[in-house]
Amino acid sequence: MNKPTAKLRPTKNSSRKPVSVPSEKKAKEEAVTQVESINNEFPLSDSPESEPVEANKETLNAEPQTLPTPPLSIAQTYLGGDLDLVADFTIEAREHIASIEKGLLTLEHHPDDKDAIHSVFRAFHSIKGLAGFLGLDQIQARTHEVETLLDGVRNGKHSLSSTLVDVVLHSTDYLSRSLRALDQSIGGEQVPLPALDIVLLGRVRDLQQGKITDTPASLTGGSGASSPPADASRARGVEASRVKVDTHKLDALVEMVGELVVAQSLLRHDERLKHDANAIIAHKVSHMARITSEVQQITMSMRMVPIGQLFQKTARLARDLSRKSGKSVDFQTSGEDTELDRNIVEELADPLVHMIRNSMDHGLEIPAERLKSGKNPTGKVGLRAAHQAGVIVVEVFDDGRGLDAQKIRARAIERGIISEGSEHTEEELYNLIFVPGFSTASEVTDVSGRGVGMDVVKRHIERLRGRIEIRSTLGQGTTFLLKLPLTLAIIDGLIVGVGGQRYILPIVAVKEMFRPSRDSLTSIEGTKEMVRLRDLVLPVVRLSERFNLAPSSHGLEESLLIITETESRQFCLVVDELVGRQEVVIKSLGELFGNVPGVAGGAILGDGQVGLILDPAGVFETQAREVLEEPVLV
Amino acid sequence: MTVSPSISPSRSNTLFERAGKYLTFELGNEVYGLPVLRVREVIGKQAAAKIPHAPEYVKGVINLRGKVIPIIDLRMKFGLEQVEQTDRTCIIVVQLNVRKSAILAGAVVDRVSEVVTIAAADIDDTPDFGDGTNLPYVLGIAKTKDGVRILVDPDVLFEVAQLMQMQAATQSQGDREGDE
């Protein structure tokens, strides 16, 4: 056991040397961790600390005598440093990149915005400083070039042109790629930093020298590699002081707070408390209830992030697309401060990017066409977010050509999605663009202006338990409304009783509830039941049958029918009784069960017992394909 | 020698150190033992939410301080006759090692008895019944002054692997029913 230690110590030292800054203390700490990880031979301990050992071995083999001068491989560079520090760097740098992009997009419209140019400059400066500190020379060099260029802008030596913004944006792309490579390297893969793009670098230099030939030396000197980024981040000012917390811890906290709420509601509704004349205890309990609900609100809000950063990403995309396609676009956003669960924000990125691309590609007309139809040649595309009755509504809008219902109809008939004679409302026709295989990119452009992967977008939104609606006026534009829950951790559900068990049916899936009259019920072969409600005939799904529960004793007329809506169909779910409505914290059933068909998870009900959360689409499919596939229009 | 607390989850059953402390529990006249290091706690009986399509002996899931954990009925699993639950009926919550992570699960038993230390010398292998009886979850038979204790391996007892395949099984079952 001593052997590898002895062998490795010098390795570490030799690989450290080329790294410029890390302090002596850091080095010692690191040595300790590494020795520990070597000594620990249990297979359990495959923690990240054990990796530096491996990599350092390689480093030693590759370059037995490391000189301070040769270019550093990424492995040497960051492994010589501290993995945690590098990880922190990538996180912080990403924040800086976000503020750079935001600043640049502001600058493009308001070139005189001094605050924006300063914030972009500071962000680059911070990245440069940190990169230098960690010995990430390539990143430092690149950011230095851009910083110099920006300094020129700051001092009024360069004017802020679109080309300049392009170049700076491309430089942030390079940074993003580098950060990804770093992350992968931390994860244990050997990924080299992306090579410096010589062409881009050339353009940066050209711009730098466009009006002046000598770069301000004071700046280069002043921003030494070791300069701490503290002043820069303080200068950002707007951001309040923050603590970074592991999301797992946050999730665990949210879960436990959920339990706290349940526990206190158990206490508050305890019969003995009601009967007891002791009002003081009752008072104390209700005091606790107030505190608990406050704690719950705060905890929930900790998971919430403003949607603004997501909008910014799409703003960047809109800008790039507009320059590429030659369509002039005024990208508008509002409601950036609207907060929603960070998981939703993450999951929303792809669909939003997709929809913005669609709006730009197919929704907006080219300027000439717009002029012909009497519109402003500059099109409007944008995003709006707002709270609305317990849900978040995100709108993706454009003032382009709008959806042509008749063309969609023709296309759908051609594709065999609907039949020739059937009648549909405009809204139903619009929704056809979400049907998989409705159209492909090249064909849709002249038909509806939409459709590229819209089925994917819809699936995405539905996975977030959201809904998507379309509003469109031919010739005036289209708006997609995404209605999303505030959080994924909590679901608003109807608690229903079936066969002595209680289940939670997500309220988003519930269209309507009713007790059927005898003459509305019919069946095929005596067992396949259907119910007629107004102009719909819907298949009847008995949960007790699907889940093999004790069949309920009473007939359909005494049961409650819930019209349940899934992605593609409606059906009537039969339940024995409605127990109540409750917001519940969604919990997984654990690894042992994996995915149980028809069940989306478990939740702890008000009395502390577990109820299963139903997945309506799963319930429908667990069995019985003989049931009517689609509601029949009569 | 006792069971080392550092038993890694990757150890297979055959390497399981049999000597050590066991929590014994009763099912009718039979006394079983679970490695005490795997026992998290013993809780009172409680109503479980049934999991659709799960084997009958899977009683369902319960709430253990905010965690949803599965419960199996050992009488049902062993094919013993069902009896009225009593005050002594309880759930032993054990830690199972699934792949690399530890999860909790509970077993309904008639009553929990005691914790006993069993030496390696007192443990016999499962006798050969000659009729092909296969009891993979039995670690061994311990001879104590109070009688014989059947030592069981929780991972095998809960048929972790089998439960995990349940999903596929129910899926195909659903398909069959659909085709009828």
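Scroll up to find the structure this text is about.
What counts and what doesn't
- Position numbers for residues start from 1 in each chain and track the written sequence from start to end.
- Chain A is the first chain written and ligand 1 is the first ligand written, with later ones labelled in order.
- Under the rules for a predicted model, residues below a pLDDT of 70 receive no local features and side-chain atom pairs below 80 are neither given nor counted, while totals for whole chains, interfaces and linings still include all residues.
- Hydrogens are left out, water is left out, and the side-chain values use all remaining heavy atoms of the structure.
- Helix and strand assignments come from DSSP, with helices taken as H or I runs of at least 4 residues and strands as E runs of at least 2, each series counted from the N terminus.
- The cut-offs for exposure are 20% and 50% of the maximum accessible area for each residue type, with area from a 1.4 Å probe on protein chains only; residues under the lower value are buried, those over the upper are exposed, and the others partly exposed.
- When checking whether two residues touch, look at their non-hydrogen atoms; a contact exists if any pair is within 4.5 Å.
- Here a polar contact is taken to be a pair of N or O atoms separated by no more than 3.5 Å, where protein atoms must pair a possible hydrogen donor with a possible acceptor and residues adjacent in sequence count only if both atoms sit in side chains.
- When DSSP locates at least two bridges between a pair of strands, those strands are taken to pair.
- Structural elements are reduced to axes, namely lines fitted to C-alpha atoms, with helices fitted over the stretch in contact, and the angle between N-to-C directions of any two is expressed from 0 to 180 degrees.
- To define a nonpolar core, start from buried Ala, Val, Leu, Ile, Met, Phe, Trp, Tyr and Cys residues and group those joined through side-chain atoms within 4.5 Å.
- The salt bridge definition used is simple: a Lys or Arg side-chain nitrogen within 4 Å of an Asp or Glu carboxyl oxygen.
- Expected helix span is computed as 1.5 Å times (number of residues minus one).
- Convention used here: angles under 35 degrees read as roughly parallel, angles over 145 as roughly antiparallel, angles from 65 to 115 as roughly perpendicular, and any remaining angle as oblique.
- Put simply, a crossing is left-handed when the front helix is turned counterclockwise from the back one by less than a right angle, and right-handed when it is turned clockwise.
- Three categories are distinguished: nonpolar for Ala, Val, Leu, Ile, Met, Phe, Trp, Tyr, Cys and Pro, charged for Asp, Glu, Lys and Arg, and polar for the others, with Gly belonging to the last.
- Put simply, two rings from Phe, Tyr or Trp (the six-membered ring, in Trp's case) pair if the centres are within 6.5 Å, and we call them stacked under 30 degrees between planes, edge-to-face over 60, tilted for the rest.
- Cation placement over rings: the criterion is NZ of Lys or CZ of Arg within 6 Å of the ring centroid and within 35° of the ring normal.

Participant: In this structure, what is going on with the overall build of chain B? I would like to understand it.
Facilitator: Within chain B one finds three helices and eleven strands. The helix and strand sequence of chain B, counted from the amino end, reads β-β-β-β-β-α-β-β-β-β-β-β-α-α. For chain B, with 180 residues in total, the buried portion stands at 47%. Partitioning the intrachain contacts of chain B with sequence separation of at least 6 by distance along the chain shows that 55% fall at a separation of at least 24.

Participant: Just checking my understanding: could you explain the overall build of chain A for this structure?
Facilitator: Secondary structure summary: chain A contains 23 helices and 19 strands in total. Expressed as a percentage of its 634 residues, the buried residues of chain A come to 47%. Put simply, of all contacts in chain A between residues at least 6 apart along the chain, 69% involve residues at least 24 apart.

Participant: In this structure, what is going on with the environment of Lys-528 of chain A? I would like to understand it.
Facilitator: All names here are of chain A. By the element assignment, Lys-528 lies in strand β12 (residues 528-533). On the accessibility criterion, Lys-528 (26% relative accessible area) is partly exposed. Lys-528 sits 13 residues away from Val-541 along the chain, and the two C-alpha atoms are 9.0 Å apart. For Lys-528, the side chain forms a polar contact with the side chain of Glu-525, separated by 3.4 Å.

Participant: I'm lost on the sheet that holds strand β4 (residues 58-64) of chain B in this one. Help?
Facilitator: In a beta sheet, neighbouring strands pair by backbone hydrogen bonds and run either parallel or antiparallel. Residues and elements named next belong to chain B. Here five strands make up an open sheet; going across it, the order is β3-β6-β7-β5-β4 and the pairing mixed. Looking at the sheet topology across the chains shown, the edges are occupied by β3 (39-44) and β4. The sheet shows a mean angle of 35° between the axes of neighbouring strands, direction not considered. Here nine bridges tie strand β6 (residues 90-98) to strand β7 (residues 101-109), and the two strands are oriented antiparallel to one another. In the sheet register, Ile-92 faces β7, and the bridge partner there is Ala-107.

Participant: Could you clarify how one ought to interpret the nonpolar core in this entry?
Facilitator: Nonpolar side chains in soluble globular proteins tend to be buried together. Core analysis: the largest hydrophobic core is formed by 59 residues, its most contacted members being Tyr-503 and Leu-589 of chain A together with Val-61 and Leu-74 of chain B. The greatest single-element share of this core, amounting to five residues, is contributed by β6 of chain B. Judged by nonpolar contacts, the second largest core, of 47 residues, contains Val-345, Met-360, Leu-432 and Phe-434 of chain A.

Participant: So what exactly am I meant to see when it comes to the pattern of salt bridges here?
Facilitator: Between side chains of opposite charge, a pair can form as their charged atoms come close. All names here are of chain A. For the structure shown, the criterion picks out 25 salt bridges over all chains. Asp-173 serves as the salt-bridge partner of Arg-316, at 2.9 Å between the closest nitrogen and oxygen. Of the two residues, Arg-316 is situated in helix α15 (residues 308-325) and Asp-173 in helix α8 (residues 162-186); the sequence distance between them amounts to 143 residues. Overall, Asp-173 belongs to the partly exposed group, its relative accessible area being 24%. With a closest N to O distance of 3.4 Å, Lys-528 and Glu-525 form a salt bridge. Where salt bridges share partners, they join Glu-101, Asp-166, Asp-173, Arg-316, Arg-319, Asp-320 and Arg-323 into one cluster.

Participant: Sorry if this is basic, but what is going on with the sheet that holds strand β1 (residues 20-27) of chain B here?
Facilitator: All names here are of chain B. Spatially, the six strands line up as an open sheet ordered β8-β1-β2-β11-β10-β9, and their pairing is mixed. For this open sheet the edge positions go to β8 (111-118) and β9 (123-124), each flanked by a neighbour on one side alone. Inspection of the sheet shows strand β2 (residues 30-35) paired to strand β11 (residues 147-152) by two bridges, in the parallel sense. Bridge pairing in β11 links Tyr-32 to Ile-150.

Participant: Just checking my understanding: could you explain α15 of chain A for this structure?
Facilitator: A turn of α-helix holds 3.6 residues, and therefore any two residues three or four places apart point the same way. The end-to-end C-alpha distance of α15 of chain A, which contains 18 residues, comes to 25 Å, matching closely the 26 Å that a straight helix rising 1.5 Å per residue would cover. Residue Gly-326 of chain A follows α15 of chain A closely and has a positive phi angle near 75°.

Participant: Hey, could you run me through the packing of helix α5 (residues 83-109) of chain A against α8 of chain A in this one?
Facilitator: Axes are the key here: two packed helices are described by the angle between their axes and the distance separating the axes. All names here are of chain A. Contact geometry for α5 and α8: axes closest at 10 Å, N-to-C directions at 160°. Relative to α8, α5 is oriented roughly antiparallel. Relative to α8, the crossing made by α5 is left-handed. Grouping the constituent residues of the contact of α5 with α8 by class yields 15 nonpolar, four polar and six charged.

Participant: Looking at this model, I keep getting lost on the packing of aromatic side chains. Mind explaining?
Facilitator: The description of an aromatic ring pair rests on the distance of the ring centres and on the angle between the ring planes. Inspection of the entire model under this criterion finds five aromatic pairs over all chains. A centroid spacing of 4.8 Å and a plane angle of 40° characterise the contact between Phe-571 of chain A and Phe-620 of chain A, whose relative ring orientation is tilted. In this pair, Phe-571 of chain A sits in strand β15 (residues 570-575) while Phe-620 of chain A sits in helix α23 (residues 616-621), placing the two residues 49 residues apart along the sequence. For the pair formed by Phe-571 of chain A and Phe-620 of chain A, the shared burial category is buried. With a centroid separation of 5.3 Å and an interplanar angle of 15°, the aromatic rings of Phe-78 of chain B and Tyr-137 of chain B are classed as stacked. In this pair, Phe-78 of chain B is assigned in the loop between α1 (74-77) and β6 and Tyr-137 of chain B in the loop between β9 and β10 (138-144), connecting sequence segments 59 residues apart. This pair shows no difference in class: Phe-78 of chain B is buried, exactly as Tyr-137 of chain B is. One aromatic cluster is present, built from ring pairs that chain together Phe-25, Tyr-32, Phe-78 and Tyr-137 of chain B. The ring of Tyr-174 of chain A is capped by Arg-142 of chain A, whose NZ or CZ atom sits 4.7 Å from the centre of that ring. In this arrangement the basic side chain of Lys-77 of chain B is found over the ring face of Tyr-57 of chain B, its NZ or CZ atom lying 4.8 Å from the centre.

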